[in-house]
Amino acid sequence: MSLTRRQVAVAGLGVPLALAVTGTAQAAPRRHRTLYIAGDSTAAQKYADAAPETGWGTALPFLLHRHLTVANHAVNGRSSKSFVDEGRLEAILSSIRPGDFLLVQFAHNDEKTTDPTRHTEPWSTYQEYLRMYVDGARARGARPVLATAVERRRFDADGRAVPSHGEYPAAMRALAAEERVALLDVQALSLALWQELGAEETKKYFNWTAAEQDNTHFNPPGAIAVARLVARELLRTRVLAPHDVRRLDAEIPESWITWPEAVA
């Protein structure tokens with residue numbers, strides 16, 4: 001299937017390390033690795049017409065060292081199923097290389113039971129589609145990484161942060177254990193963060209504007225906070241090493257977040 005440039009837009013931030021030189025002998029260049037993101041609108045690159053909405057995948061490069069490139073293939077509205085059906089997984093697998101990473105986060109749109117083009121069942125079709133990502137990455141010598149879906153901003157009458165993804169996180173955790181795939185439990189961590197911040201303070205992390213009260217998508221502070229959770233999980237699970245990450249506890253200016261003009 002032919003995809004437009006916007007549909008497969010890649011946030012390719014990062015450059016390879018300079019060649020190391022020891023004495024008079026020049027070492028072989030260290031090939032930089034690429035971390036591909038397959039996901040939905042919570043991770044996707046946003047464009048000028050959507051600002052200040054920001055996907056966490058846009059902020060992730062600021063937390064990784066420059067020998068790691070982030071290729072953000074996440075797209076608004078996609079599920080684990082529709083991403084495959086539209087040829088987006090194949091687009092990643094056609095360019096992924098040994099030593100690269102494929103980070104997969106879906107659930108928000110898999111949950112839409114009234115849309116057969118996107119809906120999956122947690123303990124059957126959702127896991128079946130996730131296996132396509134896992135198997136595809138492994139077949140090409142890349143490392144698959146599963147990330148439970150980041151939580152929405154939902155609070156009950158008593159001010160408790162409420163989970164919104166049903167059985168999907170549990171189904172992903174079970175698949176990760178079965179397939180021995182690294183799991184980033186972003187759902188649990190983001191829920192705990194929203195609880196710590198509270199109902200009012202979390203508004204500063206989501207896309208709340210004068211015109212919109214969005215409890216799913218992030219603004220720059222929210223995208224940076226979730227990207228920080230992702231980076232810390234990549235380190236905790238030993239997908240990445242300490243020399244691969246940076247700024248885990250440092251302030252990242254909101255001004256670093258940009259929204260390019262859309263490409264037709």
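Residues numbered from 1 in each chain as written. Predicted model: local features only at pLDDT ≥ 70, side-chain atom pairs only at ≥ 80, totals over all residues. Heavy atoms only, no water.

### Some details on the overall build of the chain
A tally of helices and strands in the chain yields 7 helices and 9 strands. Per-residue burial for the chain yields a buried fraction of 52% across its 264 residues. Sequence separation of at least 24 residues holds for 77% of the intrachain contacts in the chain that already meet a minimum separation of 6. For the chain, the exposed area adds up to about 12100 Å²; of that, 53% sits on carbon and sulfur atoms. (Helix = DSSP H or I, 4+ residues; strand = E, 2+ residues; numbered from the N terminus. Buried < 20%, exposed > 50% of the residue type's maximum accessible area, 1.4 Å probe, protein only. Contact = heavy atoms within 4.5 Å. Areas by Shrake-Rupley, 256 points an atom, 1.4 Å probe, with all protein chains shown as cover.)

### Quick look at the sheet that holds strand E7 (residues 182-184)
Read across the open sheet, the 5 strands follow the order E4-E3-E5-E6-E7; overall the sheet is parallel. Looking at the sheet topology across the chains shown, the edges are occupied by strand E4 (68-72) and E7. Averaged over all adjacent pairs, the angle separating strand axes in this sheet is 25 degrees, with direction ignored. Two elements, strand E5 (residues 101-105) and strand E6 (residues 143-147), share 4 bridges in a ladder whose sense is parallel. By the bridge assignment for E6, Val104 is matched with Leu146. Strand contacts of helix H7 (residues 220-236): strand E3 (33-39), E5, E6 and E7, with the helix running at about 150 degrees to E7, the strand carrying the most contacts. (Pairing = 2+ DSSP bridges. Axes fitted to C-alpha atoms, helices over the stretch in contact; angles between N-to-C directions.)

### Details of the nonpolar core
Ranked by internal contacts, the top residues of the largest apolar core, which has 42 residues, are Trp56, Leu60, Leu103 and Leu234. Counting residues per element, the ones that place at least two in this core are E3, helix H1 (56-59), E4, E5, E6, E7, helix H6 (186-201) and H7. At 9 residues, H7 tops the list of elements feeding residues into this core. If we skip the residues at most four places from it in the chain, Leu103 touches Leu35, Tyr36, Ile37, Ala38, Trp56, Val145, Ala147, Leu184, Val230 and Leu234. (Core = buried A, V, L, I, M, F, W, Y, C linked by side-chain atoms within 4.5 Å.)

### Describing H7
With 17 residues, H7 extends 24 Å between its outermost C-alpha atoms, agreeing within 8% with the 24 Å of an ideal straight helix rising 1.5 Å per residue. The buried fraction of H7 amounts to 13 of the 17 residues, a majority that puts the element mostly inside the structure. Between the side-chain oxygen of the N-cap and the backbone nitrogen of Gly222 there are 3.0 Å, and the N-cap of H7 in question is Asn219. Where H7 terminates, the next one or two residues include Arg238, which has phi positive at roughly 65 degrees. (Expected span 1.5 Å × (residues − 1). Polar contact = N/O pair within 3.5 Å; in protein donor to acceptor, adjacent residues only side chain to side chain.)

### Concerning the packing of aromatic side chains
As enumerated under the stated definition, the model contains 9 aromatic pairs in all. Pairwise contacts between aromatic rings join Trp194, Tyr205, Phe206 and Phe218 into one cluster. (Phe/Tyr/Trp six-rings, centres within 6.5 Å; stacked < 30°, edge-to-face > 60°.)

### Concerning the confidence of the model for the chain
Per-chain confidence: the chain averages 90 in pLDDT, with 88% of residues scoring 70 or above. Note on residues 1-29: pLDDT under 50 across the span, and 48 contacts to partners over four residues away in sequence or across chains. (pLDDT = per-residue confidence, 0-100.)

### A look at the pattern of salt bridges
All told, the structure shown has 17 salt bridges when counted by the stated rule. A salt bridge links Arg78 to Glu86, with the shortest nitrogen-to-oxygen separation between them at 3.0 Å. For Glu179, the salt bridge is made with Arg138, and the minimal N-O distance between the two is 3.7 Å. Of this pair, Glu179 sits in helix H5 (residues 168-179) while Arg138 sits in helix H4 (residues 122-139), and the two are 41 residues apart along the sequence. (Salt bridge = Lys/Arg side-chain N within 4 Å of Asp/Glu carboxyl O.)

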